[in-house]
Amino acid sequence: MDKGIKYDGYLSEKELAGAPGVPSIDQLNVKPLAVIECIEPIPCNPCERACPFSAITIGDSIWNLPVLDANKCKGCGACIPSCPGLAIFVVDMNYSSTSALVKIPYEYFPLPKEGMEVDCLNRKGEAVTKGRIHSVKTTATFDKTYIIGIEVNKKFAMEVRNIRM
Amino acid sequence: MRKVNLVVVGAGPAGLSASIEAAKHGVKALVLDENHKPGGQLFKQIHKFFGSEQQMAGTRGYEIGTKLLNLAKEYGVEIKLNNRVIGIDDHNTLAIIDNHKYSEIRAKKIILCCGATEKPLAFPGWTLPGVMGAGAAQTLVNIHRVVPGEKIIMVGSGNVGLIVTYHLLQAGVKVKAIIDASHKITGYGVHAAKIKRAGIPIILRYTVNRAMGTNQVEKVELIQVDKSFNKIPCTQISFDVDTICLAVGLSPSTELARMIGCKLYYHPKLGGYIPMVNQYMQTTIEDIYAAGDMTGIEEASIAMEEGRLAGLACAISLGYISDNAQSQKALENIRSNLSQLRMGNGKGGIING
């Protein structure tokens, strides 16, 4: 049984289900959304300001967890590089009829190249499927964090959180 | 002898923030640091920091360092490097080794921002080359751009252990595992998650039994511990490694405060003995203030706010700002930032007056 992030180093199903920044599967099936895997109170709030659509709320105490408003979120990914914990992802469940697009923050060299096939790792660091690199992006405001878009089989969209080349 | 209004000992986040705040109000601040570069630990921190906008959250540590140095320059703060303060007497005279030469400076007010040192962990083989503090490994990869080894084990799952592991992975080093004697990961979950999804095992309830090797570390033997941290026989496992990084906590560097007779007290959660300070970051000696990790191990964001508080309090006390409602409000603002960052669970050492 998964005991949780403070014991295993990855979020348990229960923790994911209870995270106020993680949208439900029903919501994800409608449109691309941010998935904020932040469940531990930390004095931190850059994601709130990073969202151009005010879809992320932390509020007065910076120890509050980020709450995602799935109605306002456009899945743009502006929050991804703002998170010092690298805990924000974007999942587009309907990228094609069979595949989803998962966007992850990435800070390792060498960078993957677009079109490359890579091993896709879950939160435990296990290779669970193969995926295709869709995009590799950064801008000055990302401050050296890259956003890697990975096309994966839909059923792995809520598992894949890293890549290995 | 040179006489100045304010000497700040230490050019880390607390010391720089203290000197900037004092200089903003017209105090000519002199910062002394024993290192050959300013910034304390900030320039080793290549990750983005937590916090709010006021503490430059989301900014990488070394960029915060650069911003503080630029501000210090802008406000005319004087920073003397390779200056080690070895003593302070009853009349606020600082004994200094200035680039290998002895000198003295007298200050009206002194703010101690001496930081902290890494705690060691003793085990058979700990003197073998390859056993080092996580801070040393971090200095090697992020300052000198040299990898400390090829196969590493990290001892300690606190934030230092998790963050330095991430930096080592970014430098392309193979980290075999992170271990901790605790039953729980002691650092932030998000830091652990980055390591875990990179496939690095996090092994809890294990400690180092011994390091083995002829001329350097070649192998580490781990052993399981029970809830009281007693070793459980016949539970040894081993890894082939050439480097053992120790991230088992930090001790506040209180030598100067102790030497001049500031009252210290024991606070296990904040790292051990720390100087008692009041709501102005003033120690039990009138002209001596203290801020940052030496008053308890906390985040850099907290060190910066504490430094600002001490710097502002010194400016008021030196008569650069009148002690009126406005300056009290400015002090309150910093205190409120601090309590926000600590969520009310602040340092127990804060006393009244």
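For the structure itself, look to the data block above.
For the structure given in this document, a descriptive report is provided here. It should be emphasised that the depicted structure is a prediction, and the values quoted were computed from it without experimental measurement.

Basis of the calculations
- Residues numbered from 1 in each chain as written.
- Chains lettered and ligands numbered in written order.
- Predicted model: local features only at pLDDT ≥ 70, side-chain atom pairs only at ≥ 80, totals over all residues.
- Heavy atoms only, no water.
- Helix = DSSP H or I, 4+ residues; strand = E, 2+ residues; numbered from the N terminus.
- Rg over C-alpha atoms; globule rule 2.2 N^0.38 Å.
- Buried < 20%, exposed > 50% of the residue type's maximum accessible area, 1.4 Å probe, protein only.
- Contact = heavy atoms within 4.5 Å.
- Areas by Shrake-Rupley, 256 points an atom, 1.4 Å probe, with all protein chains shown as cover.
- Lys, Arg positive; Asp, Glu negative; His and termini not counted.
- Charge placed at Lys NZ, Arg CZ, Asp CG, Glu CD.
- Salt bridge = Lys/Arg side-chain N within 4 Å of Asp/Glu carboxyl O.
- Pairing = 2+ DSSP bridges.
- Axes fitted to C-alpha atoms, helices over the stretch in contact; angles between N-to-C directions.
- Polar contact = N/O pair within 3.5 Å; in protein donor to acceptor, adjacent residues only side chain to side chain.
- Parallel < 35°, antiparallel > 145°, perpendicular 65-115°, else oblique.
- Left-handed = near helix turned anticlockwise from the far one by under 90°.
- Nonpolar A, V, L, I, M, F, W, Y, C, P; charged D, E, K, R; others polar.
- Expected span 1.5 Å × (residues − 1).
- Arc of directions from axis to C-beta.

Time to look at the overall build of chain B. Counting its secondary structure elements, chain B contains eight helices and 19 strands. Taken against the 2.2 N^0.38 rule, which gives 20 Å for 353 residues, the C-alpha radius of gyration of chain B at 21 Å falls within 12% of a compact globule. In terms of its C-alpha atoms, chain B occupies a principal-axis envelope of roughly 65 × 45 × 35 Å. Burial analysis of chain B (353 residues in total) assigns 56% to the buried set. Sequence separation of at least 24 residues holds for 60% of the intrachain contacts in chain B that already meet a minimum separation of 6. Working note: accessible area of chain B is about 15,100 Å², and carbon and sulfur atoms make up 51% of it. Of the side chains in chain B, 38 bear a positive and 29 a negative charge, and the two mean positions are spaced by 4 Å.

Counting secondary structure elements, chain A contains four helices and nine strands. When its helices and strands are written in sequence order, chain A yields α-α-α-β-α-β-β-β-β-β-β-β-β. On C-alpha atoms alone, chain A measures out to a radius of gyration of 15 Å, which is about the 15 Å that the 2.2 N^0.38 rule sets for 165 residues. If one aligns the C-alpha atoms of chain A with their principal axes, the spans along those axes are about 45 × 40 × 30 Å.

Residue and element names in this part refer to chain A. With the rule as written, the count across this model stands at 21 salt bridges over all chains. Among the salt bridges present, the one from Arg132 reaches Glu151, with a minimum N-O distance of 2.8 Å. With Arg132 in strand 7 (residues 127–137) and Glu151 in strand 8 (residues 146–153), the pair connects residues that are 19 residues apart, well separated along the chain. Exposure remark for Arg132: the relative accessible area of 34% places this residue in the partly exposed category.

Residues and elements named next belong to chain A. Strand order in the open sheet formed by seven strands is 1-4-5-8-7-6-9, and the pairing between neighbours is antiparallel. Pairing within the sheet leaves two strands with one partner each, and these edge strands are strand 1 (33–36) and strand 9 (162–164). Taken pair by pair, the neighbouring strands of this sheet meet at an average axis angle of 40 degrees, ignoring direction. With five bridges joining them, strand 6 (residues 117–121) and strand 7 adopt antiparallel strand pairing. In the strand pairing of strand 7, Leu121 is matched with Ala127.

What follows is about the sheet that holds strand 8 (residues 131–133) of chain B. Residues and elements named next belong to chain B. If you trace the five strands from one edge of the open sheet to the other, you get 8-15-9-10-11, paired in parallel fashion. Because the sheet does not close on itself, it has two edges, and the strands there are strand 8 and strand 11 (202–204). The mean inter-strand angle of the sheet, taken between neighbouring strand axes irrespective of direction, is 25 degrees. Pairing geometry for strand 8 and strand 15 (residues 243–246), over three bridges, is parallel. Paired with Gly133 across the two strands is Leu246, which belongs to strand 15. Along the sheet, helix 3 (residues 134–142) makes contact with strand 8, strand 9 (151–155) and strand 15, crossing strand 8 at roughly 85 degrees. Helix-sheet contacts for helix 4 (residues 159–170) involve strand 9, strand 10 (174–180) and strand 15, and the interaxial angle to strand 10 is about 175 degrees.

Here the focus is the interface of chain A and chain B. Taken together, the contacts link 39 residues of chain A with 35 residues of chain B. Run the count over chain A and chain B and you get three salt bridges. Across the salt bridge formed by Glu107 of chain A and Arg60 of chain B, the nearest N and O atoms sit 2.9 Å from each other. Linking chain A to chain B there are 22 residue pairs in polar contact (both at pLDDT 80 or more). Secondary structure elements with two or more residues in the side of chain A that touches chain B: helix 1 (5–8) and helix 4 (46–50) of chain A.

Right, let's get into the packing of helix 7 (residues 300–317) of chain B against helix 8 (residues 325–342) of chain B. Residues and elements named next belong to chain B. Between helix 7 and helix 8, the shortest axis-to-axis distance is 10 Å and the interhelical angle comes to 165 degrees. Compared by their axis directions, helix 7 and helix 8 come out roughly antiparallel. Viewed along their axes, helix 7 and helix 8 form a crossing whose handedness is left-handed. Residue-level inspection shows Ser301, Ile302, Glu305, Glu306, Arg308, Leu309, Leu312, Ala313 and Ile316 of helix 7 in contact with helix 8, the latter providing Ser327, Ala330, Leu331, Ile334, Arg335, Asn337, Leu338, Leu341 and Arg342. By residue class, the composition of the contact of helix 7 with helix 8 is ten nonpolar, three polar and five charged.

One full turn of an α-helix is made of 3.6 residues, so residues set three or four places apart face in the same direction. Residue and element names in this part refer to chain B. Here helix 8 is 18 residues long and its end C-alpha atoms lie 25 Å apart, about the 26 Å a rise of 1.5 Å per residue gives. Looking at helix 8, one finds that the buried residues are Ser327, Leu331, Ile334, Arg335, Asn337, Leu338, Leu341 and Arg342. Buried residues of helix 8, seen end-on, are gathered within an arc of 150 degrees and therefore sit on one face of the element. When the buried face of helix 8 is taken as reference, the exposed residues oriented beyond 90 degrees from it are Ala325, Gln326 and Lys329. If you follow the buried residues of helix 8, they end up packed against helix 7. In the segment just after helix 8, Met343 is the residue with positive phi, at about 50 degrees.

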